[in-house]
Every structure is written in C-alpha cells, then in structure tokens.
Amino acid sequence: MPSSRATTIPIVTHLIKQLQPESILDVGVGFGKWGHLFREYTDILASESDPARYKRENWKVRIDGIEGFPQYLTPMHEFLYDRIHVGDMCELIRSLGEYDVIYLGDVIEHIEKDAGRRFLEDCQSRARKAVIISTPKFETGQEDLCDNELEKHRSLWSESDFEAFAGGLAAVADGGTIVAVLAKEGCRDLVCASEWYGDRQFNANHRPMPPFKRWCRWGLVRLIGWRRFQEWESKRQATRASR
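Numbering of residues starts from 1 in every chain and runs along the sequence as written. Confidence filtering applies because this is a predicted model: local features only for residues at pLDDT of at least 70, side-chain atom pairs given and counted only at 80 or more, and all residues used for totals across whole chains, interfaces and linings. The side-chain numbers reported here are obtained from all heavy atoms of the structure, hydrogens and water having been left aside.

Participant: Before we go on, may I ask you to explain the sheet that holds strand 5 (residues 127-136) in this structure?
Facilitator: Strand-to-strand pairing in sheets goes through backbone hydrogen bonds, with the strands running parallel or antiparallel. Pairing between strands is defined by DSSP: at least two bridges between them are needed. The secondary structure listing takes helices from DSSP runs of H or I that are at least 4 residues long and strands from runs of E that are at least 2 residues long, numbered from the N terminus. Judged by pairing direction, the sheet is mixed, and its 7 strands sit side by side in the order 3-2-1-4-5-7-6 without closing on themselves. In the strand order of this sheet, the two ends are held by strand 3 (83-86) and strand 6 (168-172), each with one partner. Strand-to-strand, the axes of this sheet are offset by a mean angle of 15 degrees, without reference to chain direction. Relative to strand 7 (residues 177-183), strand 5 runs antiparallel, the two being bridged by 7 bridges. For helices, the fitted line uses only the C-alpha atoms of the stretch in contact; every axis is such a line through C-alpha atoms, and the angle between N-to-C directions lies from 0 to 180 degrees.

Participant: Hey, could you run me through the state of the cysteines in this one?
Facilitator: In protein structure, a disulfide is the covalent linkage between the sulfur atoms of two cysteines. Whenever a pair of cysteine sulfur atoms sits within 2.5 Å, that pair is classed as a disulfide. Counted according to the given criterion, the structure contains 0 disulfides. Cysteine C90 shares no disulfide, and the gap to the nearest cysteine sulfur, in C123, comes to 8.3 Å.

Participant: Please clarify how the pattern of salt bridges should be interpreted in this entry.
Facilitator: Opposite charge on two side chains allows them to pair when their charged atoms are near. Each salt bridge in this description consists of a side-chain nitrogen of Lys or Arg and a carboxyl oxygen of Asp or Glu lying within 4 Å of one another. Per the counting criterion, the structure on display carries 9 salt bridges. Note that R128 is salt-bridged to D100, the shortest N-O span being 3.2 Å. Remark: D100 occurs in strand 4 (residues 99-105) and R128 occurs in strand 5; sequence separation between them is 28 residues. Via salt bridges that share partners, R39, D43, R53 and D82 belong to a single interconnected network.

Below is the structure:
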C-alpha cells in the first residue's frame, strides 16, 4: 500500500538528522509521508535557528521523488517535493544525478531479487552518503492493492542480503521490519535509535537478535499470520511503554 510501518519513523529520521543531507531522493513516494518527515527534519528543523527556512521559498534541501503509480500523487506532493519523477524506478534511477541520501521505504520487495540487487547497485552508485532501506522481514503475501499491480510483493530480503553490499549494515526494528544502510566511506558510524533495542551503532559490531528469539517470532508469525502478529506486537509495546 502507499504507506509503510510507523515503527521505522524514529530510526530513519534519526539517521537523516545524523547524515544532514542537502539532497534526498525518496523512491516510491506513495502517500507522501516521508516527504513530510524529510522536509520537517531538514528545512523546518533548521528554522529554529534560521526562521526564514520555514517558508517554502527559502528551503535549501532538494527533496525529489520517484513514483510508479501517478494516481497516488496530489497537490500535497507538489508542495513538499521539489520534483517527482513518474515511471519505473529501475529505469529512472539510471537517468538521475547524485543525491546525498536515497531512501527506499518498503519498495525493494516489489521487484524480483535479481532486479532488486541491480537497482541497489544503481542507487549506491548515485548516493554520496548513504542508501537507506526498509523492508518486511517476513513474507506478507501482499497482492495488488489500491488498484495498483505494483503493490504486489515479489521478493523477500534478509539482513545478509544487504550486508553483502559494500558498507551494508542492517538491523531489525521491531522483530518484523529490516532497516538497512548502504553507507559510503565517512558515514559508517551511524547510530540506530530504536525504542525496542535502544541506541546502538550501525556497524559490524552490532549484536543481532538472539537466534532463539528470532525463531520464536518467526514461529508466531507462521502460526497467527503477519497482520495479527503486528497487532499483538503493537499492544505489547504499548503495555510496556505504560509501565
């Protein structure tokens, strides 16, 4: 669907604040949530010390997007983004220039694995600082949604898939969502901020979830289904937060 899991918001926005990009490419803009967040944590945040930055005509960060389904686009997108390129992301990326950060929010699972690897290579070659990716850790069985055949899930990715790339690092945000970074030299000591795991370095020394815990979560997902697992996890976290 033209949205993504809320659990990735604190992690991705924290990474953006560390990277301090002057340009961002949001691949698969969908509803436009990340356009809002990227604009807020760049130009709007900067308006605390430079009030003029709050006005659109004074924004300094270039935020572009790619969208394969033009029916998702609204006047809101026109306001938030500098430019949105409509078409096949795998083809468009080769015609675009460089960006400090390229963000793939729940889009890589919508293409086949081989095409996905080539796409990540193309993104990495055009990112000055980092490529940030979020994707489901477990198979969701998602088919066409919102009258959009592009919404079908066609591949499933693991942490090791991303760690195979130069500068590739990955962590599991909530037991069911992978957040990965393909970081360039000079940007590899990023901190992953997560309510569930606490701050930790996105580096080769990060400690993964214990195998037994991973196995239990995987078994629960298989038993009750991904959607019910998400509902259960949300209630569990809310209970923990209220203590």
